[in-house]
Amino acid sequence: SFAFHLINVSKKSKMLSIANLSDSRREFFESVGNAIITSTVLSDSKTEKEVRKSPRPYLYRIEYTDPPVMVPYLEGKEDRAEYNMSQQNLIFVGVHLGNESDTALVSRVVNDLNKQKRGNLILGVGFFPRELQSALDSFVETGNEKDVENLPFLQACLPLLKIARESKIKLLALGITGDSQQRVFSNGLEGLSSREKNEYVSDLNGFVEYESLPGFRLYAEEVIFDNFKNFSETENSFKNIGKRNYFAERILSDEAVASKAVETVKNSSKDTCMIVLQDVDRVRFGFGSSGRSQRIAKSVNIENFGVKTLIVNPTAADSLSGATFLRLS
């Protein structure tokens, strides 16, 4: 299994900027492939790096040749890559919800980054609603698993929560409340109070204009609305949710996670790094919370705000590949 580190690159890179995406379907897929499958791949073939039980190297990078290829890092160079990640302000990590192997690999990454960190390390969870923050706080204080028994995807997440507690890593619930979610599903954004809108959306103009970014329309079609089909077919309690309100909840929750994450980092010590755990579909292609956080940071005049993205154990479908192998370009 692999984890792809998705990073920003300079304009001189062969990777295309999200801002330069075309709305034609062919150019969109070519561009988005270059924009999001980036330079580093992690293998979870081993718990301890020092002893290799698998012939696979621990860490890879993607060279953007024609065609792109994956190249393993040399032994001893891996820590440097992890150190570079730890110097960011925000690292968005996409997992397949409920997948225990994904969160096991995230636990390993958190451990490694905690060793490399320059200051405080915070773990935020985008799919934990904010009303459960008190449960996280109680768990950190007591270690009692009953405190967090109502958290979603608990079985997969519990080992990660334990590591955070043992390492004294602050835990944050970043998601919108369940009550807010239900009202948006029922009535759209109009169902929120003014207080809720102010809490979830710190950059109103940017939030409104975000949908006009080049490429966002196709992102919505190929990712958000494609997910809506699966959502409406599998979630019996949400059968009556319309496409419009599903979209409203999706963009609101991504904006809320980004706003809370940026606010937390801004109000923390200078060298704080926050890892934000989210569903993989909210991380890929840069139009979710990761892209929104960069915009929000600029809106509050934060200079040199570092944001990187990591997808754990990506599948061919995650990369929008039409075949059974990962799409690298």
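That block above? That's the structure.
### Considerations on the pairing of strand S6 (residues 121-129)
Then, in step 1: Of all 9 residues in S6, 9 are buried, a share of seventy percent or more.
Then, in step 2: Of the pairings in the sheet, the one linking S6 to strand S8 (residues 273-279) comprises 5 bridges and is parallel in character. Looking across to S8, one finds that Gly124 is bridged to Val276.
Then, in step 3: Where S6 and strand S7 (residues 170-175) come together, 5 bridges link them in parallel fashion. In the strand pairing of S7, Leu123 is matched with Leu171.

### A few points about the packing of helix H6 (residues 178-187) against helix H10 (residues 243-266)
Then, in step 1: The contact between H6 and H10 brings their axes to 7 Å, and the two run at 145°. You can see that H6 and H10 cross each other, and the crossing is right-handed. Between H6 and H10, the residues in contact are Gln181, Val184, Phe185, Ser186 and Asn187 and Asn245, Tyr246, Ala248, Glu249 and Leu252, respectively.
Then, in step 2: For the contact of H6 with H10, a count of residues per class yields 5 nonpolar, 4 polar and 1 charged.

### Looking at unusual backbone geometry
Then, in step 1: Of note, Phe285 is a non-glycine position whose phi angle comes to about 75°, a positive value.
Then, in step 2: Mapped onto the fold, Phe285 is located in the loop between S8 and helix H11 (289-299).
Then, in step 3: Within the chain, Asn304 stands out as a residue other than glycine whose phi angle is a positive 50°.
Then, in step 4: Following the sequence through the fold, Asn304 ends up in the loop between H11 and strand S9 (307-312).
Then, in step 5: Note on Asn304: relative accessible area 76%, which makes it exposed.

### Describing the side chain of Asp203
Then, in step 1: Tracing the backbone through its elements, the reader meets Asp203 in the loop between helix H7 (194-200) and helix H8 (204-209).
Then, in step 2: Asp203 has contacts with Glu255, Arg295, Ile296 and Ser299, leaving out every residue within four places of it along the chain.

### A word on the nonpolar core
Then, in step 1: Of all hydrophobic cores here, the largest spans 33 residues; its most connected members are Val93, Val106, Phe128, Leu136, Leu151 and Leu161.
Then, in step 2: Those elements that provide at least two residues to this core are strand S5 (90-95), helix H3 (100-116), S6, helix H4 (133-142), helix H5 (154-166), S7, S8 and S9.
Then, in step 3: Counting residues per element, this core draws most heavily on H5, which supplies 6 residues.
Then, in step 4: In this structure, Leu161 is in contact with Phe128, Leu136, Phe139, Leu151, Leu154 and Leu171, ignoring residues within four places of it in sequence.
Then, in step 5: The next biggest cluster of nonpolar side chains, apart from the first, holds 25 residues, and it includes Val184, Phe207, Phe247 and Ala248.

### Details of the packing of H4 against H5
Then, in step 1: Running from N to C, H4 and H5 cross one another at 60°; their axes reach a closest spacing of 9 Å. In this view, H4 runs oblique relative to H5, as classed from their interaxial angle. Crossing hand, H4 versus H5: right-handed. Contacts between H4 and H5 pair Leu136, Phe139, Val140, Glu141 and Thr142 from the former with Leu158, Leu161, Lys162 and Arg165 from the latter.
Then, in step 2: A class-by-class count of the residues in the contact of H4 with H5 yields 5 nonpolar, 1 polar and 3 charged.

### Quick notes on the packing of aromatic side chains
Then, in step 1: Throughout the structure, instances matching the rule amount to 9 aromatic pairs.
Then, in step 2: Both rings, one in Phe216 and one in Phe287, keep their centres 5.7 Å apart while their planes meet at 80°; by these two values the pair is edge-to-face. Pair noted here: Phe216 is in helix H9 (residues 216-234) and Phe287 is in the loop between S8 and H11, with a separation of 71 residues, a long-range link.
Then, in step 3: You can call Phe216 buried: its relative accessible area is 3%.
Then, in step 4: Residue classification places Phe287 among the buried residues on the basis of a relative accessible area of 1%.

Definitions and limits used
- Residues numbered from 1 in each chain as written.
- Predicted model: local features only at pLDDT ≥ 70, side-chain atom pairs only at ≥ 80, totals over all residues.
- Heavy atoms only, no water.
- Buried < 20%, exposed > 50% of the residue type's maximum accessible area, 1.4 Å probe, protein only.
- Helix = DSSP H or I, 4+ residues; strand = E, 2+ residues; numbered from the N terminus.
- Pairing = 2+ DSSP bridges.
- Axes fitted to C-alpha atoms, helices over the stretch in contact; angles between N-to-C directions.
- Left-handed = near helix turned anticlockwise from the far one by under 90°.
- Contact = heavy atoms within 4.5 Å.
- Nonpolar A, V, L, I, M, F, W, Y, C, P; charged D, E, K, R; others polar.
- Core = buried A, V, L, I, M, F, W, Y, C linked by side-chain atoms within 4.5 Å.
- Parallel < 35°, antiparallel > 145°, perpendicular 65-115°, else oblique.
- Phe/Tyr/Trp six-rings, centres within 6.5 Å; stacked < 30°, edge-to-face > 60°.

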